[in-house]
Amino acid sequence: MIQVTHGLITTTALHYAAYVGNVKIVQLFLEKNRKLAYIKEDKAGMSALHICAMEGHNDVITTLVKYCPDVCELLDDNNQTALHVAVKCRRENSVWLFLHNKSQFDGIMPNQQDKDGKYSIACSCS
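Participant: Is there a simple way to explain the packing of helix 4 (residues 58-67) against helix 6 (residues 92-100) in this structure?
Facilitator: The geometry of a pair of packed helices is captured by two quantities: the angle between their axes and the separation between those axes. Remark: helix 4 packs on helix 6, axes separated minimally by 10 Å, with the N-to-C direction vectors making an angle of 30 degrees. In this view, helix 4 runs roughly parallel relative to helix 6, as classed from their interaxial angle. Handedness of the helix 4/helix 6 crossing: right-handed. On the side of helix 4, the interface is formed by Asn58, Ile61 and Thr62, while helix 6 contributes Asn93, Ser94, Leu97 and Phe98. Each residue belonging to the contact of helix 4 with helix 6 can be placed in one class, and the counts come to three nonpolar, four polar and no charged.

Pasting the structure below:
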């Protein structure tokens, strides 16, 4: 596994590519090893899907889900889906993508509660 240091954070190269929104690099990694999408490497236990949702990189979100459809089911250390993260970071386009393409993002559960008992839509109120 390739690790990248960005500031004080060491993460996987896939996580970094998701963070900067480099869809071509994300696709290359997933073509070689789809298991990379399921690594929760970030300090908060975020997957690459959580990270690109946090940054609003919809093309990366779509690519990750295309190669690994069940990656939508991953929860971070706060028991949050990528939808929770997109709502919390006010990434309206990503929230719209998750909610209006339900067949593609079947694992995203709007009724999933996080560790504080909040549903994803309630995260926008905090």
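Participant: Please explain unusual backbone geometry as it appears in this structure.
Facilitator: Positioned with a positive phi, Asn79 is a non-glycine residue whose angle comes to about 65 degrees. For Asn79, the position within the fold is in the loop between helix 4 and helix 5 (82-88). Exposure remark for Asn79: the relative accessible area of 28% places this residue in the partly exposed category. If you check the backbone angles, Arg90 has positive phi at about 60 degrees while not being a glycine. Among the structural elements, Arg90 can be located in the loop between helix 5 and helix 6.

Participant: How do you make sense of helix 4 when you look at a structure like this?
Facilitator: An α-helical turn contains 3.6 residues, so a residue and the one three or four places further along point in the same direction. For helix 4, the full list of buried residues reads Val60, Ile61, Thr63, Leu64, Val65 and Tyr67. Structurally, helix 4 contributes buried residues whose contacts are with helix 1 (13-20), helix 2 (23-32), helix 3 (48-55) and helix 6.

Participant: What is the right way to read the environment of Cys68 from this model?
Facilitator: Following the sequence through the fold, Cys68 ends up in the loop between helix 4 and helix 5. Not counting chain neighbours up to four residues away, the residues in contact with Cys68 comprise Leu30, Arg34, Ala37 and Tyr38.

Rules behind the numbers
Residues numbered from 1 in each chain as written. Predicted model: local features only at pLDDT ≥ 70, side-chain atom pairs only at ≥ 80, totals over all residues. Heavy atoms only, no water. Axes fitted to C-alpha atoms, helices over the stretch in contact; angles between N-to-C directions. Helix = DSSP H or I, 4+ residues; strand = E, 2+ residues; numbered from the N terminus. Parallel < 35°, antiparallel > 145°, perpendicular 65-115°, else oblique. Left-handed = near helix turned anticlockwise from the far one by under 90°. Contact = heavy atoms within 4.5 Å. Nonpolar A, V, L, I, M, F, W, Y, C, P; charged D, E, K, R; others polar. Buried < 20%, exposed > 50% of the residue type's maximum accessible area, 1.4 Å probe, protein only.

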